[in-house]
Amino acid sequence: MDCKSNRDFISSPDAVCLKGKKALVSGAASGIGKAICWRLADAGSDLILVDINKGGLHRAQKEFHHFQNKIKSFAVDLSDKNNVDRLWKNIGDNAPDILINNCGIYPPKDYLEIEQAFYDRIFGVNLDAVFWMCQNFIRSREKQGGIIVNTSSIEAVLPFKDEMAHYSVSKSGVSALTRALAHDYGKKGFRVNGVIPGVVRTPGIDNQVKMAIRKMKFNLFNNGFQYKRRIALGRLGRPDEIAKVILFLCSDLASYVQGVMIPVDGGFLVS
Ligand SMILES: NC(=O)c1ccc[n+]([C@@H]2O[C@H](COP(=O)([O-])OP(=O)(O)OC[C@H]3O[C@@H](n4cnc5c(N)ncnc54)[C@H](O)[C@@H]3O)[C@@H](O)[C@H]2O)c1
């Protein structure tokens, strides 16, 4: 059968068009989050930018000004549930159609040196924030449904870099939550998926490199060298290469994709 004679057929440009939609992106002031905002805005979506970095948010909002889309921003530390709940109260009846949980932190630390405050910070930003953001989103759109995309990491699948046990566990939690919500809320109109980025050159990664140089952490350099050798495509990723897959997951092209975590890693995990 000619697929165009199917009444449900949507042309490809229309399928990626997000005009009339609104997306909330966490960690929007930097790196992958900012790239996601570019892609979603380019596809026509209005944006709610959320980040702990007030100055960075301000700069990001200015960058997106030439789009005609409506753009709001909120400076929030998402590691605290009270802040997350307050954010959704402020958003009020104008709940977004799409939620992208992207913000995350990845400082290395030897497992034996981890103390409670460090642990709480890592899990607060990387996992608790995602947990409570999803809950608020699903509550606020119980009748309409919506789209969630969460950001995990290759470290949750294949621990590779030294001193990242805390990070691996927090990101494994993100993958588990993604699958559980996809299972529980699919029939209620929610599509829930995630991405598993490989190493992508971002300000966050650049800071890690500077820190490794400052502290002369030669083991981390060795990790980086070994990592690069293993990537099937032979190079690190670019923020927009993660953003393009997230746009796909947000779009109608992915209308039957549910509960998957898509590696976007240049083939690292298969090499
Ligand atoms: N860059 C990589 O190589 C890579 C690889 C795998 C996974 N990831 C994941 O991708 C996501 C984005 O990473 P990135 O490299 O773009 O990072 P980045 O450091 O460049 O940007 C992260 C953003 O999150 C914000 N943020 C941090 N803590 C926050 C908090 N408590 N509340 C609100 N906002 C907060 C920061 O201010 C920053 O703007 C993270 O979840 C990271 O774990 C990154």
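Quick caveat: nothing in here was measured; it's all calculated off a predicted structure.

A.B. asks: What exactly am I supposed to notice about the overall build of the protein chain here?
C.D. replies: Along the backbone of the protein chain there are 9 helices and 7 strands. In terms of overall size, the protein chain behaves like a compact globule, its C-alpha atoms giving a radius of gyration of 19 Å where 271 residues would be expected to give roughly 18 Å. Overall, the protein chain is about 60 × 45 × 40 Å in size when its C-alpha atoms are taken along their principal axes. Across the 271 residues of the protein chain, 41% fall into the buried class. Across the protein chain, every contact between residues at least 6 apart in sequence was considered, and the portion connecting residues at least 24 apart equals 76%.

A.B. asks: Before we go on, may I ask you to explain helix H3 (residues 54-63) in this structure?
C.D. replies: In an α-helix, one turn spans 3.6 residues; hence positions three or four apart end up facing the same way. All of the buried residues in H3 are Gly56, Leu57 and Ala60. Within H3, the buried residues cover an arc of 100° as seen down the axis, which keeps them to one side. Exposed and oriented more than 90 degrees from the buried face of H3 are Gly55 and Lys62. The secondary structure elements touched by the buried residues of H3 are helix H2 (31-42), strand S2 (46-51) and strand S3 (71-75).

A.B. asks: How should the site of the ligand be read in this particular structure?
C.D. replies: Taken together, the neighbourhood of the ligand is formed by 30 residues, with Gly27, Ser30, Gly31, Gly104 and Gly204 sitting nearest. Those elements that provide at least two residues to the shell around the ligand are H2 and helix H7 (203-214). Residues of the shell around the ligand, tallied by class, amount to 14 nonpolar, 14 polar and 2 charged.

A.B. asks: Any chance you could explain the pairing of strand S6 (residues 190-197) here in plain terms?
C.D. replies: Two faces make up the sheet, and in a regular strand the side chains alternate between them. In terms of residue burial, S6 counts as a mostly covered element, since 8 of its 8 residues are buried. Alternating positions in S6 separate into two faces, Phe190, Val192, Gly194 and Ile196 on one and Arg191, Asn193, Val195 and Pro197 on the other, with burial throughout. Pairing between strand S5 (residues 146-151) and S6: 6 bridges, direction parallel. Its bridge partner being in S6, Ile147 is matched across the sheet by Arg191. Once the chain exits S5 it traverses helix H6 (residues 165-185) before rejoining the sheet at S6, and the crossover so formed is right-handed. Of the strand pairs in this sheet, S6 and strand S7 (residues 261-264) are connected by 4 bridges, and their pairing is parallel. What sits directly across from Val195, in S7, is Ile262.

How each quantity is defined
- Residues numbered from 1 in each chain as written.
- Predicted model: local features only at pLDDT ≥ 70, side-chain atom pairs only at ≥ 80, totals over all residues.
- Helix = DSSP H or I, 4+ residues; strand = E, 2+ residues; numbered from the N terminus.
- Rg over C-alpha atoms; globule rule 2.2 N^0.38 Å.
- Buried ≥ 20, exposed ≤ 12 C-beta atoms within 10 Å, placed from the backbone.
- Contact = placed C-beta atoms within 7 Å.
- Arc of directions from axis to C-beta.
- Near = placed C-beta within 6 Å.
- Nonpolar A, V, L, I, M, F, W, Y, C, P; charged D, E, K, R; others polar.
- Pairing = 2+ DSSP bridges.
- Right-handed = clockwise from strand over helix to strand, strands pointing away.

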